[in-house]
Amino acid sequence: MWRILTIVLLALFPALLTAQKKADSVYYVDMRMTGVYQGNSLYVQNPYYNQQEKFCIDYIAVNKKKLNLNYRLSALKINFEGVSMFSPVSIDVRHMAQCQPKIVNPLAINYHSNFKYIKLLLNDTTLYWETKGDQIEGVYTVEQLNYDYWQEVAQVESKGQFDGASYEYPPSLMAGPNKFRIKYSLPSGRYLYSEEVEYTYYKEPITFHIASNRMIFSAVTEYEIQNAKGNTVVQGEGKEIPIRFLRPGEYTLVFDGGRAEVFSKK
């Protein structure tokens with residue numbers, strides 16, 4: 001009986017060892033490439049790895065967003081759905097280390113141009129970008145995302161410095177998340193978008209004080225002063241209001257996007 005059991009175990013051992021080796025040897029690596037979406041789909045070969053009995057690719061992400069593809073196919077198609085024309089794309093192919101996918105048509109996202117964006121930064125006061133390959137005829141268009149619509153907010157002429165140039169634009173930020181991008185255009189009609197840059201702006205409340213018959217705000221704001229009966233006696237926009245003409249009494253100041261404060265004129 002022991003001899004039979006030994007024979008059975010010896011027969012099963014290679015299979016158990018193979019299964020354990022198969023389970024232990026699965027690990028993944030990333031294959032990355034960047035380019036520009038020009039209206040063309042990208043095709044990726046997805047080889048079948050017999051030892052693991054599965055296809056090589058685990059997932060593909062475009063601009064850090066995982067694609068909902070059927071990864072049990074030998075050929076995968078990337079359509080770049082939701083990506084704007086001539087926008088930068090970053091592709092991350094996660095696959096088993098023991099097999100190697102292949103990009104069939106890499107030229108589909110290869111933008112033949114000497115121009116490129118080097119840096120793009122945004123803070124509460126400045127949108128800053130650096131480029132190489134500027135041409136004198138070029139124009140930069142600053143676009144701001146406004147309720148899912150990209151709105152042109154400014155145009156900046158190229159400095160024409162091929163070896164490198166930098167630009168600044170003072171953005172008008174809304175409270176909360178703000179998103180911008182830059183479009184570089186040439187007279188030939190070709191253009192290239194930068195990556196999108198985002199900044200969350202926490203607006204500081206505007207304050208005011210009264211000195212020498214003037215109301216002084218901490219920043220420029222739209223304002224309205226109402227008397228005790230609710231009638232508007234003065235309104236406008238600015239950082240200071242002369243109030244010497246107001247009669248003594250209680251007034252309501254509406255400012256900073258709708259805030260209301262009561263103050264006294266002596």
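The paragraphs below set out a description of the structure included in this document. For clarity, every value in this text was computed on a predicted model and none was experimentally measured.

Assigned secondary structure in the chain consists of one helix and 22 strands. Relative to the 2.2 N^0.38 estimate, which gives 18 Å for 266 residues, the radius of gyration of the chain is 31 Å and therefore markedly larger than a compact globule would have. Counting only C-alpha atoms, the chain reaches 110 × 60 × 25 Å along its principal axes. Buried positions account for 34% of the 266 residues belonging to the chain. Here the analysis covers contacts within the chain between residues at least 6 apart in sequence; of these, 61% occur between residues at least 24 apart. With the model as given, the accessible surface of the chain reaches about 17,200 Å², and the carbon-plus-sulfur share is 51%. Considering the chain, the positive charge centre built from 29 side chains and the negative charge centre built from 27 side chains are found 6 Å apart.

To continue, consider the nonpolar core. Buried together is how nonpolar side chains tend to be arranged in soluble globular proteins. Counting 22 residues, the largest nonpolar core has Tyr117, Leu127, Trp129, Tyr140, Val142, Phe180 and Ile182 as its most contacted members. At the level of elements, β10 (116-122), β11 (127-132), β12 (139-146), β13 (149-157), β14 (165-169) and β15 (176-185) are the ones that each hand at least two residues to this core. By size, the runner-up hydrophobic cluster in this structure holds 18 residues, among which are Met31, Ile57, Val62 and Ala108.

Working note: non-glycine residues mostly have negative phi, and peptide bonds are mostly trans. The residue lysine 64 is not glycine, and still its phi comes out positive at about 70°. Positive phi, normally seen in glycine, also occurs at serine 212, with a value near 50°. Structurally, serine 212 can be placed in the loop between β18 (208-211) and β19 (214-226).

Here the focus is the layout of surface pockets. Volume-wise, the largest pocket comes out at about 1,200 Å³. No other element matches strand β8 (residues 88-96), which puts five residues into the lining of the largest pocket. A per-class count over the lining of the largest pocket returns 20 nonpolar, eleven polar and 13 charged. The volume enclosed by the second largest pocket comes to roughly 290 Å³. Forming the boundary of the second largest pocket are 14 residues, of which Lys203, Ile206, Ala219, Val220 and Asp256 lie nearest the centre. At five residues, β19 tops the list of elements feeding residues into the lining of the second largest pocket. Classifying every residue of the lining of the second largest pocket gives six nonpolar, three polar and five charged.

What follows deals with the side chain of glutamine 226. For glutamine 226, the position within the fold is in strand β19. Side chain to side chain, glutamine 226 and glutamate 224 meet in a polar contact 3.1 Å long. If near-sequence neighbours (up to four positions away) are discounted, glutamine 226 is found in contact with Asn231, Thr232, Tyr251, Thr252 and Val254.

Any two side chains of opposite charge can pair, given that their charged atoms come close. Within the structure shown, the criterion is met by nine salt bridges. Note that arginine 94 and aspartate 58 form a salt bridge whose closest N and O atoms lie 2.3 Å from each other. Taken together, the positions of arginine 94 in strand β8 and aspartate 58 in strand β5 (residues 57-62) put the pair 36 residues apart, joining distant regions of the chain. Taking relative accessible area as the criterion, arginine 94 reaches 26% and is therefore assigned partly exposed.

Before going further, it helps to spend a moment on the sheet that holds β14. Adjacent strands of a sheet form backbone hydrogen bonds with each other and so pair up, either parallel or antiparallel. In space, the three strands of this open sheet follow the order β10-β11-β14, with antiparallel pairing throughout. Strand pairing shows two members of the sheet lacking a second neighbour, β10 and β14, which therefore form its edges. For this sheet, the mean inter-axis angle between neighbouring strands, taken without regard to orientation, is 15°. As judged from the five bridges shared by β11 and β14, these two strands associate in the antiparallel manner.

This part takes up the sheet that holds strand β6 (residues 65-66). The four strands are arranged β1-β8-β5-β6 in an open sheet whose pairing can be described as antiparallel. Every other strand in the sheet has two partners, leaving β1 (28-36) and β6 as the edge strands with one partner each.

About the thresholds
Residues numbered from 1 in each chain as written. Predicted model: local features only at pLDDT ≥ 70, side-chain atom pairs only at ≥ 80, totals over all residues. Heavy atoms only, no water. Helix = DSSP H or I, 4+ residues; strand = E, 2+ residues; numbered from the N terminus. Rg over C-alpha atoms; globule rule 2.2 N^0.38 Å. Buried < 20%, exposed > 50% of the residue type's maximum accessible area, 1.4 Å probe, protein only. Contact = heavy atoms within 4.5 Å. Areas by Shrake-Rupley, 256 points an atom, 1.4 Å probe, with all protein chains shown as cover. Lys, Arg positive; Asp, Glu negative; His and termini not counted. Charge placed at Lys NZ, Arg CZ, Asp CG, Glu CD. Core = buried A, V, L, I, M, F, W, Y, C linked by side-chain atoms within 4.5 Å. 1 Å grid on protein atoms, 1.4 Å probe; cavity = no way out; pocket = protein on both sides within 12 Å on 5 of 7 lines; lining within 4 Å. Points joined across faces, edges and corners; volume = space filled by probe spheres on them. Nonpolar A, V, L, I, M, F, W, Y, C, P; charged D, E, K, R; others polar. Polar contact = N/O pair within 3.5 Å; in protein donor to acceptor, adjacent residues only side chain to side chain. Salt bridge = Lys/Arg side-chain N within 4 Å of Asp/Glu carboxyl O. Pairing = 2+ DSSP bridges. Axes fitted to C-alpha atoms, helices over the stretch in contact; angles between N-to-C directions.

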